[in-house]
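# Summary of structural features
Now for the letters of each chain:
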Amino acid sequence: MLDKSPQALTAAVAADAVRSGLSAERGVVYVYEAPVRLWHWINAAAILVLGLTGYFIGSAIPTMPGETSDNFLFGYIRFAHFSAGYVLTLGFLFRIYWAFMGNPHAKQIFYVPLWRKSYWREVWHEIRWYAFVAAEPKKYVAHNPLAQLAMFFMFTLAIAFMIVSGFALYAQGTGNDSWQYKLFGWVFSIWPNSQDVHTWHHLGLWMIVTFALIHIYTAVREDIVSRQSIVSSIISGEREFRD
């Protein structure tokens, strides 16, 4: 949600305060509903497990000593990876559902208004702000335009790709008659070589790792520099605009 002026921001804060019973005087607006916050943290945990186990699957650990029957470490790693993959997928499907059922801010990560000139002006301002060129930040009720752009291309699309390619690879183990292969086997018509799918899936891991690092840095930075609550907002759901 873009706010073009302090007056527009104040009006938005006041309107949300009336709906949620918060204090408009202290500049608080209710942004992230409880289902979105719960999904955020479960999703973060699933990505952490997937990232760690996926790295070891792609870059295998050294051979374990002793009899093969006595060691199941790699099996446990794969099990954790597959389990976290199911959690990520179910969470993503729920998040799509909540984009329709939740408040207007819940839709932001699923679309970017690329056709609006005003949007690109806002993106350019955010680039200048993050580069320490712009003197003052603009205040937004939810994600700023640059964050929305990054969320859509580096998170939403990346997660969708990882789910599709991950289940396609998983289907090689479950067989051609499995529902996984029936839904995702078409991936191998694009990349007939299974190793290509593995490579792209592995590259997707680094895309998400890069996004996570940028996401954490900018959230902490904005909380300190722009005088808007960012980190605490995904815990309480409230965005506070400080003087």
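What counts and what doesn't
Residues numbered from 1 in each chain as written. Predicted model: local features only at pLDDT ≥ 70, side-chain atom pairs only at ≥ 80, totals over all residues. Heavy atoms only, no water. UniProt positions renumbered as here; feature names shortened; annotations may be inferred. Helix = DSSP H or I, 4+ residues; strand = E, 2+ residues; numbered from the N terminus. Expected span 1.5 Å × (residues − 1). Buried < 20%, exposed > 50% of the residue type's maximum accessible area, 1.4 Å probe, protein only. Contact = heavy atoms within 4.5 Å. Phe/Tyr/Trp six-rings, centres within 6.5 Å; stacked < 30°, edge-to-face > 60°. Lys NZ or Arg CZ within 6 Å of the ring centre and 35° of its normal. Lys, Arg positive; Asp, Glu negative; His and termini not counted. Salt bridge = Lys/Arg side-chain N within 4 Å of Asp/Glu carboxyl O. Polar contact = N/O pair within 3.5 Å; in protein donor to acceptor, adjacent residues only side chain to side chain.

Looking at an unreviewed UniProt entry, one finds the protein named Probable Ni/Fe-hydrogenase B-type cytochrome subunit and attributed to Bradyrhizobium valentinum. In UniProt, the protein has this text filed under Function (unreviewed entry): "B-type cytochrome involved in electron transfer from hydrogenase to oxygen."

### A short note on helix H8 (residues 194-225)
Look at H8: 46 Å from first C-alpha to last across 32 residues, which is about the 46 Å you get at 1.5 Å a residue. Considered for burial, the residues of H8 that qualify are Ser194, Val197, His201, Gly204, Leu205, Ile208, Phe211, Thr218, Ala219, Arg221, Glu222 and Asp223. Summarising the contacts, the buried residues of H8 are in contact with helix H2 (34-58), helix H3 (73-101), helix H4 (117-130), helix H5 (145-174) and helix H7 (187-190). Directly after H8, the chain includes Arg227, whose backbone phi takes a positive value near 65°.

### Comments concerning the packing of aromatic side chains
If you walk through the whole model with that rule in mind, you get 19 aromatic pairs. When the ring of Tyr86 is compared with that of Tyr170, the centres are 6.1 Å apart and the planes differ by 90°; the resulting orientation is edge-to-face. Here Tyr170 lies in helix H5 and Tyr86 lies in helix H3, a separation of 84 residues in the sequence. In this structure Tyr170 comes out as partly exposed when scored by relative accessible area, which is 23%. With 6.4 Å between their ring centres and 55° between their planes, Tyr97 and Trp98 make a pair best called tilted. Within the aromatic cluster, the residues linked to one another by ring pairs are Phe82, Tyr86, Phe167, Tyr170, Trp179 and Phe184. For the cation-ring pair, Arg221 lies above Trp129, with the distance from its terminal atom to the ring centre recorded as 5.2 Å.

### A few points about the side chain of Thr89
Among the structural elements, Thr89 can be located in helix H3. If sequence neighbours within four positions are ignored, Thr89 has contacts with Ile163 and Phe167.

### As for the side chain of Arg37
Note that Arg37 resides in helix H2. Here Arg37 occupies a buried position and makes no salt bridge, while the nearest side chain of opposite charge, Glu238, is found at 8.0 Å. In this structure the side chain of Arg37 is engaged in a polar contact, spanning 2.7 Å, whose partner is the backbone oxygen of Tyr32. With near-sequence residues (within four places) excluded, Arg37 lies in contact with Tyr30, Tyr32, Ser233, Ile234, Ile235, Ser236 and Gly237.

### Regarding the UniProt feature "transmembrane region" (unreviewed entry) in the protein
Sites flagged by UniProt as "transmembrane region" (unreviewed entry) map to residues 41-61, 73-98, 149-171 and 200-220. The distance from the first to the last C-alpha atom of residues 149-171 is 32 Å, and the span holds 100% helix and 0% strand. Within the segment residues 200-220, helix and strand shares are 100% and 0% respectively, and the terminal C-alpha atoms sit 31 Å apart.

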